[in-house]
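# Tertiary structure, described
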Amino acid sequence: MKEKVELIKSSLDTDLDNIDNINTLNEVKAKYLGKKGMITELTSNMKELSIDERKEIGRISNELRTEVTNKLNSIQKELEEKAINEKLSNEKIDITLPATKLKVGTPNILEKVTEELEELLMSMGYDVVEGPEVEKDLYNFELLNLPKGHPARDAQDTFYIEGDTLLLRSQTSPVQIRTMLANEEKEPVRIICPGKTYRRDDDDATHSHQFSQMEGLLVDKNISLADLKGTFDVIAKKMFGETSKTRFRPSFYPFTEPSVEMDISCFNCGGDGCHICKGTGWITIGGAGVVHYNVLDNCGYDSNIYSGFAFGFGIERIAMLKYGITDIRTFYINDLRQNVNFDRKEA
């Protein structure tokens, strides 16, 4: 037995010197510690031995197995550390090299103008309220004083989805209706409603079947057209400069009475007349008016007690005027250079 153990130790020393990678290490493990390994074979004929001989051979084989296992584990640890160090050395990064430059986009101009208007009106006490883009005819037309058959409906060129009851909203005014109906206490309301709207329109440089609107509504006691004019003055000066002047021109909307067109003095010529304002010195940016008493009554507000004003304009129109954009389709392309150029122009 002692001779077999010495032969195993001698053979092991030779094999350990030749281990230079994990694969060789695993082969040595199998040779000595495997099911048919040299150490396992020491106890292969234990049944033929006496109890005392079994105890002695068991002790010797266990000591040898422990010794071999420790040596192999030590070599394995060295090999793994060596592999890690080589990998770190080969894959190291020179942190002194210049970093890769990443192209950074800019906010979409429509988003930027919308946020600018929201911040302004929120500072004046307005809440931002949103509503569904797929809307009921009841909210989009009827409660806004546009009953079925009303000629003003034709001008909307609506996308109907289900008969004449479900549609893509042609304005954000339904949000105003929903807000007033939901106000059970019929308290004063001061909201703005930004969002996408849809109308059957030709896609050209100045029109789109989908466009963004922002409408505002204020309902309280003793509200007049003068309050609307003051609000519009603040918006105009914020968006187009402190020198901007405003005016109202009579118009017609079924949901307001009186109704007005909102004009600002041409920011390009200062009111002298140019190609942008078509020689008039004024630019129309939206419509507004005093909320019609039918609309208030439809939403549960007593029109003898409450009054209010509403206004609305297209976000694209504001952005086109502010940034000198001539084609509305510019807002919906994926060319990041457009937004970068607008930012530079503003700066």
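Residues numbered from 1 in each chain as written. Predicted model: local features only at pLDDT ≥ 70, side-chain atom pairs only at ≥ 80, totals over all residues. Heavy atoms only, no water.

### What to know about the confidence of the model for the chain
- On average, residues of the chain carry a pLDDT of 85, and 93% of them reach 70 or more.
- Per-residue pLDDT, averaged within each element of the chain, yields its smallest value for helix H12 (residues 336-346) (53) and its largest for strand S1 (residues 127-128) (97). (pLDDT = per-residue confidence, 0-100. Helix = DSSP H or I, 4+ residues; strand = E, 2+ residues; numbered from the N terminus.)

### A look at the nonpolar core
- Within the largest apolar cluster, 39 residues are counted, with the highest numbers of intra-cluster contacts made by Val113, Leu117, Ile285, Phe311 and Phe331.
- Only helix H5 (109-123), strand S6 (210-220), helix H9 (225-240), strand S8 (256-265), strand S9 (282-291), strand S10 (307-314) and helix H11 (315-323) provide two or more residues apiece to this core.
- The residues contacting Ile285, other than those within four sequence positions of it, are Phe232, Phe240, Met262, Ile264, Phe313, Gly314, Arg317, Ile318 and Leu321.
- One finds Tyr139, Ala152, Val219 and Leu296 within the second-largest nonpolar core, a separate group that totals 23 residues. (Core = buried A, V, L, I, M, F, W, Y, C linked by side-chain atoms within 4.5 Å. Buried < 20%, exposed > 50% of the residue type's maximum accessible area, 1.4 Å probe, protein only. Contact = heavy atoms within 4.5 Å.)

### Considerations on the sheet that holds S8
- Spatially, the 7 strands line up as an open sheet ordered S1-S5-S6-S10-S9-S8-S7, and their pairing is mixed. The open sheet is flanked by S1 and strand S7 (246-253), the only strands paired with a single partner.
- Two strands pair when backbone bridges link them, and S9 and S10 are joined in this way by 4 bridges, in the antiparallel orientation. Each residue of the ladder has a partner; that of Ala288, found in S10, is Phe311. (Pairing = 2+ DSSP bridges.)

### A few points about the pattern of salt bridges
- Inspection of the entire model under this criterion finds 8 salt bridges.
- Between Lys229 and Asp233 there is a salt bridge, with the nearest N and O atoms lying 3.3 Å from each other. Here Lys229 pairs with Asp233, and both are found in helix H9, just 4 residues apart, close to one helical turn.
- Using a relative accessible area of 24% as the deciding quantity, one classes Asp233 as partly exposed.
- Here Asp263 and Arg247 are joined by a salt bridge, their closest N and O atoms 2.9 Å apart. A residue pair is termed long-range when its members are at least 10 positions apart, and Asp263 in strand S8 and Arg247 in strand S7 qualify at 16 residues. (Salt bridge = Lys/Arg side-chain N within 4 Å of Asp/Glu carboxyl O.)

### Overview of the side chain of Ser244
- Inspection of the secondary structure puts Ser244 in the loop between H9 and S7.
- With a relative accessible area of 6%, Ser244 lands in the buried category.

### What about the packing of aromatic side chains?
- Within this structure, the stated rule accounts for 6 aromatic pairs.
- Here the aromatic rings of Tyr301 and Tyr306 are separated by 5.3 Å at their centres, their planes lie at 90°, and the arrangement is edge-to-face.
- When its relative accessible area of 1% is taken as the criterion, Tyr301 is described as buried.
- An aromatic cluster is built from Phe309, Phe311 and Phe313, whose rings are joined through pairwise contacts.
- Across the ring face of Tyr126, the terminal group of Arg190 is positioned such that the distance to the ring centre comes to 5.7 Å.
- In this structure, Lys322 packs its charged tip against the face of Tyr323, placed 6.0 Å from the ring centre. (Phe/Tyr/Trp six-rings, centres within 6.5 Å; stacked < 30°, edge-to-face > 60°. Lys NZ or Arg CZ within 6 Å of the ring centre and 35° of its normal.)

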